Every structure is written in structure tokens, then in C-alpha cells.
Amino acid sequence: QVQLVESGGGVVQPGTSLTLSCAASGFTFNNYAIYWVRQAPGKGLDWVAVVSDDGDNKYYADSVKGRFTISRDDSKNTVHLQMNSLRRDDTAVYYCAREKSMFVLAAIPGYWGQGALVSVSS
Amino acid sequence: QSALTQPASVSGSPGQSITISCTGTNSDIGGYDLVSWYQQHPGKAPQLLIYEVTKRPSEVSNRFSGSKSGNTASLTISGLRPEDDSNYYCSSYAGRFTLVFGGGTRLTVL
């Protein structure tokens with residue numbers, strides 16, 4: 001079955017960096033786009049970034065553009081989210097999610113991991 | 001990238017039907033048939049209920065249905081059950097690859 005497991009969360013100070021990882025299994029990894037979506041405590045869902053199945057296309061929300069970088073390593077079935085210049089308002093649970101269908105970027109995160117908590121605090 | 005507008009809360013009794021609205025603009029909901037709905041229980045990951053406005057994953061109950069008119073999408077849950085008590089989010093493609101979510105709706109099954 002489809003499984004996505006996030007790791008790398010933690011407590012960091014404002015202005016520092018952190019990298020999240022999303023390990024995937026149960027499907028042909030390089031056939032699918034992967035998303036990062038975050039949820040601040042008690043708040044709604046907020047799209048962060050997406051990388052296409054072939055890795056050629058990467059898109060970011062305006063709030064993280066220039067600070068966050070998404071990448072994929074198909075040899076390890078893993079997607080990374082490098083987060084630089086972290087701010088207090090980046091505090092959230094970060095979910096990775098797989099596109100519902102193969103070979104498309106259709107804005108449909110269909111399968112979600114359980115999330116990793118990132119807390120930015122001094 | 002403004003969020004879509006959902007009612008903060010709705011409620012219904014077991015067996016009843018309820019509808020949750022999700023209002024956007026011509027640049028998101030009105031411009032594309034790429035509206036999705038998610039259910040999220042507290043402390044859990046979201047689960048896809050509806051995609052491409054009306055389609056339902058095979059594992060999702062047919063009590064859940066979606067529709068769209070103009071810039072407003074709707075999720076209807078028929079035959080409410082206690083386990084439907086949860087949070088619901090809509091999302092839409094918004095062009096130039098951006099994805100926007102609604103603020104979420106808390107459904108209480110009385």
C-alpha cells in the first residue's frame with residue numbers, strides 16, 4: 001500500500017535552516033509528483049511546494065519562494081524540503097503527499113503522510 | 001494566492017444531509033475543474049474525498065458527493081453518521097501552478 005513517512009522535524013531558532021525528508025514506498029515513485037503541504041497549529045491547510053514526477057518542474061507558494069527548495073532522489077524514493085531563513089510563521093506540521101494519478105501535475109494530493117512538526121522559536 | 005472561503009462550522013443530525021460551500025474566484029474554482037475535498041480528523045492526515053469536482057476515489061463512500069456552480073463548489077454528505085464528525089477542506093488549482101485551500105469547515109454531527 002502507499003506509504004509516505006516524513007522525518008527531520010524539530011525545534012529551531014528563527015533564521016536557521018532545516019531539511020525535511022519524505023520516504024515513499026508501495027508505488028512506483030518516479031511516476032508521481034510529490035507535494036508538501038503544511039498546517040499551522042489550529043489552522044487550515046497551506047500548500048508549500050510541489051515537484052513533478054520527472055523532477056523537471058518545481059513550484060512554490062509565494063510565502064516560501066526563495067527560502068524553501070524541494071528536490072527528489074528517485075534512487076532513494078525520497079523527496080526533500082530544504083527550508084532556509086525560517087520564520088516563526090513557518091511553524092506547522094508539514095505533510096508530504098503524492099499526486100493522485102501518474103505522470104501528471106493535476107493539483108490533487110491524493111495520499112498523505114502523517115506529518116512532521118516544525119517549530120520555529122527562540 | 002488567497003484562501004478559498006468556507007463556512008467555519010456546520011451541523012446536522014444523524015441521517016440528515018448537509019452541504020458545505022467553498023467560494024473562490026474566476027482564477028481558481030471558476031477557471032478550472034480541479035476542485036478537491038478532504039476530510040481530516042483531529043491529529044490525523046487529510047484524506048481525499050472528492051477530486052475533479054465530482055469524482056470519488058473507490059474507497060470513499062457514495063454518501064459523499066461534489067458539485068460546482070460558477071465560482072462556488074459544494075460538498076454534500078448524505079445520511080450523516082457519527083464518524084462524519086470531522087473537519088473538511090476544499091482545494092482548487094489556481095493557475096501558474098498554485099494550489100489554494102479553503103479555511104476549513106468543522107462538521108458537528110449532533
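That block above? That's the structure.
Residues numbered from 1 in each chain as written. Chains lettered and ligands numbered in written order. Predicted model: local features only at pLDDT ≥ 70, side-chain atom pairs only at ≥ 80, totals over all residues. Heavy atoms only, no water.

Chemist: Please clarify how the interface of chain A and chain B should be interpreted in this entry.
Modeler: Accessible area lost upon the coming together of the parts serves often as the stated size of an interface. If you look at the interface, chain A gives 25 residues, while chain B gives 21 residues. When the buried area of chain A at its contact with chain B is split by residue, L45, W47 and A107 of chain A rank highest and sum to 32% of it. Where chain A packs against chain B, one counts zero salt bridges. For the pair chain A and chain B, the interface holds five residue pairs in polar contact (both at pLDDT 80 or more). Mapped by element, the contributors of at least two residues to the side of chain A that touches chain B are β4 (34-39), β5 (45-51), β6 (58-60) and β10 (109-112) of chain A. Considered class by class, the residues forming the side of chain A that touches chain B number 16 nonpolar, five polar and four charged. (Contact = heavy atoms within 4.5 Å. Buried area = accessible area lost by both parts, 1.4 Å probe. Salt bridge = Lys/Arg side-chain N within 4 Å of Asp/Glu carboxyl O. Polar contact = N/O pair within 3.5 Å; in protein donor to acceptor, adjacent residues only side chain to side chain. Helix = DSSP H or I, 4+ residues; strand = E, 2+ residues; numbered from the N terminus. Nonpolar A, V, L, I, M, F, W, Y, C, P; charged D, E, K, R; others polar.)

Chemist: Would you take a moment to explain the packing of aromatic side chains for this structure?
Modeler: Ring pairs (aromatic) are described by centroid distance and by the angle formed between their planes. Summed over all chains, the structure comprises ten aromatic pairs over all chains. Considering the side-chain rings of Y32 of chain B and Y93 of chain B, the 4.8 Å spacing of their centres and the 75° angle between planes classify their relative orientation as edge-to-face. Separated by 61 residues along the polypeptide, Y32 of chain B in the loop between β2 (18-23) and β3 (35-40) and Y93 of chain B in strand β7 (residues 86-93) bring together distant segments of the chain. A relative accessible area of 15% places Y93 of chain B in the buried class. Cluster of aromatic residues (ring-pair linked, three or more members): Y35, W47 and Y59 of chain A together with Y32, Y93 and F97 of chain B. Its guanidinium or amino end placed over the ring of F29 of chain A, R72 of chain A lies 4.5 Å from that ring's centre, counting from NZ or CZ. Just above the ring of F27 of chain A sits the side chain of R98 of chain A; from NZ or CZ to the centre is 5.0 Å. (Phe/Tyr/Trp six-rings, centres within 6.5 Å; stacked < 30°, edge-to-face > 60°. Buried < 20%, exposed > 50% of the residue type's maximum accessible area, 1.4 Å probe, protein only. Lys NZ or Arg CZ within 6 Å of the ring centre and 35° of its normal.)

Chemist: Can you help me understand the pairing of strand β1 (residues 3-7) of chain A in this one?
Modeler: Looking along a regular strand, one sees the side chains alternate between the two faces of the sheet. All names here are of chain A. Burial along β1 is one-sided: L4 and E6 are buried, and none of Q3, V5 and S7, which face the opposite way, are. The sheet contact formed by β1 and strand β3 (residues 18-25) spans five bridges and is antiparallel. Its bridge partner lying in β3, V5 is registered against A23. (Pairing = 2+ DSSP bridges.)

Chemist: Got a minute to help me understand the environment of T72 of chain B in this structure?
Modeler: Residues and elements named next belong to chain B. By the secondary structure assignment, T72 is in strand β6 (residues 72-77). Taking the relative accessible area as the measure of exposure, T72 reaches 26% and is therefore partly exposed. Ignoring any residue separated from it by four or fewer positions in sequence, one finds T72 in contact with S21, C22, T23 and I29.

Chemist: Help me out: how do you make sense of the sheet that holds β1 of chain A in this one?
Modeler: Either a parallel or an antiparallel arrangement is found when strands of a sheet pair, and the pairing is made through backbone hydrogen bonds. Residues and elements named next belong to chain A. In spatial order, the strands read β1-β3-β8-β7; together these four strands make up an open sheet with antiparallel pairing. Two strands lie at the open edges of the sheet, namely β1 and β7 (68-73), each paired on one side alone. Neighbour-to-neighbour, the strand axes of this sheet turn through a mean angle of 15°, independent of strand direction. Examined bridge by bridge, β7 and strand β8 (residues 78-83) share six bridges and lie antiparallel to one another. (Axes fitted to C-alpha atoms, helices over the stretch in contact; angles between N-to-C directions.)

Chemist: Hey, could you run me through the state of the cysteines in this one?
Modeler: Any covalent bond linking the sulfur atoms of two cysteines counts as a disulfide. Evaluated as defined, the whole model comprises two disulfides over all chains. There is a disulfide in this structure between C22 of chain A and C96 of chain A, and the S-S distance comes to 2.1 Å. Disulfide C22 of chain A to C96 of chain A: torsion about the S-S bond roughly 65°, handedness right-handed. Highlighted residues: C22 of chain A in strand β3 and C96 of chain A in strand β9 (residues 92-99), separated in sequence by 74 residues. In this structure, C22 of chain A and C96 of chain A share a single accessibility class: buried. Here C22 of chain B is linked by a disulfide to C90 of chain B, with a sulfur-sulfur distance of 2.0 Å. Here C22 of chain B and C90 of chain B share a disulfide; its torsion about the S-S bond, 75°, makes the bridge right-handed. Of this pair, C22 of chain B sits in strand β2 while C90 of chain B sits in strand β7, and the two are 68 residues apart along the sequence. (Disulfide = S-S within 2.5 Å.)

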